[in-house]
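Now for the letters of each chain:
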Amino acid sequence: MKRVAALLALTGLSACSMDPHYVRPTPAVPPSWPAGDAYPQPSEARLPSVTYRDIFRDPRLQTLIQQALANNQDLRSALANIESARALYRVQRADIFPSINANAGVTARKGAGQNFGNNNGVGGGVPGTGTGGTPGDGTGTGGNGTGGNGNNGGNGVVANGGSGRVTTYTVQAGASAWEIDLFGRLRSLARSEFNQYLATDAAARATRLTLVADTADAWLTYASDRSLLLIAEDTAKSAQTTVQLTQARLNGGVAPRTELRQAQTVLATALADQARQRTLVAQDRNALQLLVGAPVAENLLPNAIEDADGQLAELPAGLDSGVLLRRPDVVEAEYQLRAANARIGAARAAFFPRISLTAVAGLASTALSSLFSGGAFSWTVAPSASLPIFDGGRNAGNLAYAKAQRDVFVANYQRAIQTAFREAADALARRGTIVAEVEANQLNVTAAQDTLTLETARYREGIDPYLNTLDAQRTLYAARQRVVNIRLTRAQNLVNLYQTLGGDELVEAQPIDGSAPRP
């Protein structure tokens, strides 16, 4: 038994590793953010640890985001994928250890009823005699040897006509074909699955970050379309008044019919926009409900963009573009690279011998009462080794494939970083110019409003033709729409910065030294 325990203790030995030494690839992006007229002034403030509540300060939006995190089906699917990856890691890691099974059985053997006793007495005496069971009573007696008592082998039961049955009871436990991982093949496969699990966890974080940003975008889009609807309704009301005034002037013979038709075009345009914006508002709400995963209460919706965009904070980017290494999608790409690196170790280990061990220990007796006696114990240990000699190039092909896959994931990792850098740089470029654009559009609205007031007065006094007033109305209508759109762009830019810089719960890939937590 001690020998079996010593062999099983091999599970505690540290196998050598065939994995290539992992070194994080140097990011193929500049170490700092772009600079120029389009970009804001660099800030030395480090990227803080924030939550979405620090960026999206409106209580209504916070409530919707909280509901989305609880109910969204995409996020639930991502969390289920984490559990699936965790389970696969445990399945793979279990191969490192022996599978020990216990079983108990009863075997009944039937044969001719001549002599089930042991004719050789124990102790070296002369051969004893045994009498087989007689029909009907089912008992037999063993012979007595000179040197001791003979074994009683006549406990068979006679079924009929001189035949008997011998019953054997067994209890045993053991490990079958356990591979002793001396060259680290199984541990490399387990490391690969563990890194896949961590990559899946990072992917779920990316899904969560996208969900938060998409919910905020949908809420702001709803607010923008509500503002455009209000502008269309206001313009339609003003245009209706103008049509009535022009109709009266036409009836009085003061204005030509062309002025009436021109006024009606402004009204028709506003009414068409009004219908379209009502559709968009309804569709925006549907999109928001899909993200939230539940009906959206009326009191959680903004009335206009002016009611929504003032409650957003800016996330500082700092000076170092290295913060991108903590983005969930970049972390996911690195863990996938580490998993591919570990699979190279498993492919290398396949060239070395595989040592397997089968060990069984148990008890066997023909009498249940003596099953747990000292003489009933037995054990078997059967080690074996298998060395690949010729496999038609299978192992070499697997190794070449594993190395090629590592190169694929290196490229994926670099592309993820470059994509992240481009997205963050684009967001910063928009941030650097958006304020000036908002101010210019606000000035345009003020000027257009004043122009319309003046042209309306000059038209009523008969100084200018109605065409000037019509042009002023269209200019103001378009200017007001542009202000709404640029305010939406400014708000979405803050959401985009939050997302491209990694959002909240920034987690960098764990060190390669094994200090990462185990699932």
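Residues numbered from 1 in each chain as written. Predicted model: local features only at pLDDT ≥ 70, side-chain atom pairs only at ≥ 80, totals over all residues. Heavy atoms only, no water.

In this structure, what is going on with the side chain of Asn72? I would like to understand it.
Note that Asn72 resides in the loop between α3 (59-71) and α4 (73-94). A relative accessible area of 5% places Asn72 in the buried class. From its side chain, Asn72 meets the backbone nitrogen of Asp74 in a polar contact 2.9 Å long. In this structure the side chain of Asn72 is engaged in a polar contact, spanning 2.9 Å, whose partner is the backbone oxygen of Leu291. Setting aside chain neighbours within four positions, we find Asn72 in contact with Gln67, Leu211, Leu290, Leu291 and Val292. (Helix = DSSP H or I, 4+ residues; strand = E, 2+ residues; numbered from the N terminus. Buried < 20%, exposed > 50% of the residue type's maximum accessible area, 1.4 Å probe, protein only. Polar contact = N/O pair within 3.5 Å; in protein donor to acceptor, adjacent residues only side chain to side chain. Contact = heavy atoms within 4.5 Å.)

Mind showing me how you'd approach the pattern of salt bridges here?
Pairs can form between side chains of opposite charge once their charged atoms are near each other. Taken as a whole and assessed by the stated rule, the structure comprises 20 salt bridges. Asp58 is the partner of Arg60 in a salt bridge, and the nearest nitrogen-oxygen pair spans 2.9 Å. For Asp58, a relative accessible area of 6% gives the class buried. Arg431 is the salt-bridge partner of Glu314, the closest N and O atoms lying 3.3 Å from each other. You can see Glu314 sitting in the loop between α6 (257-292) and α7 (328-349) and its partner Arg431 sitting in helix α8 (residues 394-460), a full 117 residues away along the chain. (Salt bridge = Lys/Arg side-chain N within 4 Å of Asp/Glu carboxyl O.)

So what exactly am I meant to see when it comes to the side chain of Thr235 here?
Within the secondary structure, Thr235 is located in helix α5 (residues 185-251). The class of Thr235 is buried, set by a relative accessible area of 13%. Apart from the residues within four sequence positions on either side, Thr235 is in contact with Ala270, Tyr477 and Arg480.

Can you help me understand a nonpolar patch on the surface in this one?
On the surface, Leu387, Ile389 and Phe390 cluster together into a nonpolar patch covering about 440 Å² of accessible area. Relative to the assigned elements, Phe390 resides in the loop between β6 (377-386) and α8. By relative accessible area, Phe390 is classed as exposed at 76%. (Patch = residues over 30% accessible without salt bridge, like charges linked within 9 Å, V, L, I, M, F, W, Y side chains within 5 Å. Areas by Shrake-Rupley, 256 points an atom, 1.4 Å probe, with all protein chains shown as cover.)

Which parts of the structure should I look at to understand the packing of α3 against α6?
For any two helices packed against each other, the geometry is given by the interaxial angle and the distance between the axes. For the pair α3 and α6, interaxial distance at closest approach is 7 Å and the crossing angle is 55°. Taken as axis vectors, α3 and α6 run oblique relative to one another. Between α3 and α6, the residues in contact are Leu64, Gln67, Ala68 and Asn71 and Leu288, Leu291 and Val292, respectively. Partitioning the contact of α3 with α6 into residue classes produces five nonpolar, two polar and no charged. (Axes fitted to C-alpha atoms, helices over the stretch in contact; angles between N-to-C directions. Parallel < 35°, antiparallel > 145°, perpendicular 65-115°, else oblique. Nonpolar A, V, L, I, M, F, W, Y, C, P; charged D, E, K, R; others polar.)

Help me out: how do you make sense of the environment of Pro383 in this one?
Assignment of secondary structure puts Pro383 in strand β6. Between the C-alpha atoms of Pro383 and Ser356, which are 27 residues apart in sequence, the distance is 5.8 Å. Ignoring anything within four residues of it in the chain, the contact list for Pro383 reads Ser356 and Leu357.

I keep staring at the layout of surface pockets and nothing clicks. Help me out?
Vacant regions in the atomic arrangement are exposed by a probe of water-molecule size rolled over the atoms. Approximately 370 Å³ is the volume attributed to the second largest pocket. Forming the boundary of the second largest pocket are 20 residues, of which Ser238, Thr242, Leu452, Thr456 and Gln473 lie nearest the centre. Going through the elements one at a time, α5, α8 and α9 (466-500) are the ones with two or more residues in the lining of the second largest pocket. Ranked by the residues each element gives to the lining of the second largest pocket, the list is headed by α5, at seven residues. (1 Å grid on protein atoms, 1.4 Å probe; cavity = no way out; pocket = protein on both sides within 12 Å on 5 of 7 lines; lining within 4 Å. Points joined across faces, edges and corners; volume = space filled by probe spheres on them.)

Looking at this structure, how should I read the packing of aromatic side chains?
Note on aromatic pairs: each is described by the distance of the centres and the angle between the planes. Considering all chains together, one arrives at four aromatic pairs under this definition. An angle of 50° between the planes, with centres 5.1 Å apart, marks the rings of Tyr89 and Phe194 as tilted. Taken as a pair, Tyr89 in helix α4 and Phe194 in helix α5 lie far apart in primary sequence, 105 residues in all. In this pair, the class of Tyr89 matches that of Phe194, namely buried. (Phe/Tyr/Trp six-rings, centres within 6.5 Å; stacked < 30°, edge-to-face > 60°.)

Can you help me understand the environment of Leu501 in this one?
Tracing the backbone shows Leu501 in the segment after α9. Counting along the chain gives 80 residues from Leu501 to Phe421, while the straight-line C-alpha distance between them is 9.0 Å.

Which parts of the structure should I look at to understand the packing of α5 against α6?
α6 packs onto α5 with a crossing angle of 160° between their chain directions and a minimal axis gap of 7 Å. Between α5 and α6, the angle is such that the two are roughly antiparallel. Where α5 crosses over α6, the two elements pack in a sense that is left-handed. Of the residues belonging to the contact of α5 with α6, the class tally is 21 nonpolar, 10 polar and 10 charged. (Left-handed = near helix turned anticlockwise from the far one by under 90°.)

Help me out: how do you make sense of the confidence of the model for the protein chain in this one?
In the predicted model, the protein chain carries a mean pLDDT of 81, and the fraction of residues at 70 or more is 80%. The low-confidence segment residues 113-162 (pLDDT under 50) makes 81 contacts with residues lying over four places distant or belonging to another chain. Per-residue pLDDT stays below 50 along residues 513-518; that stretch engages in six contacts with residues further than four places along the chain or on separate chains. (pLDDT = per-residue confidence, 0-100.)

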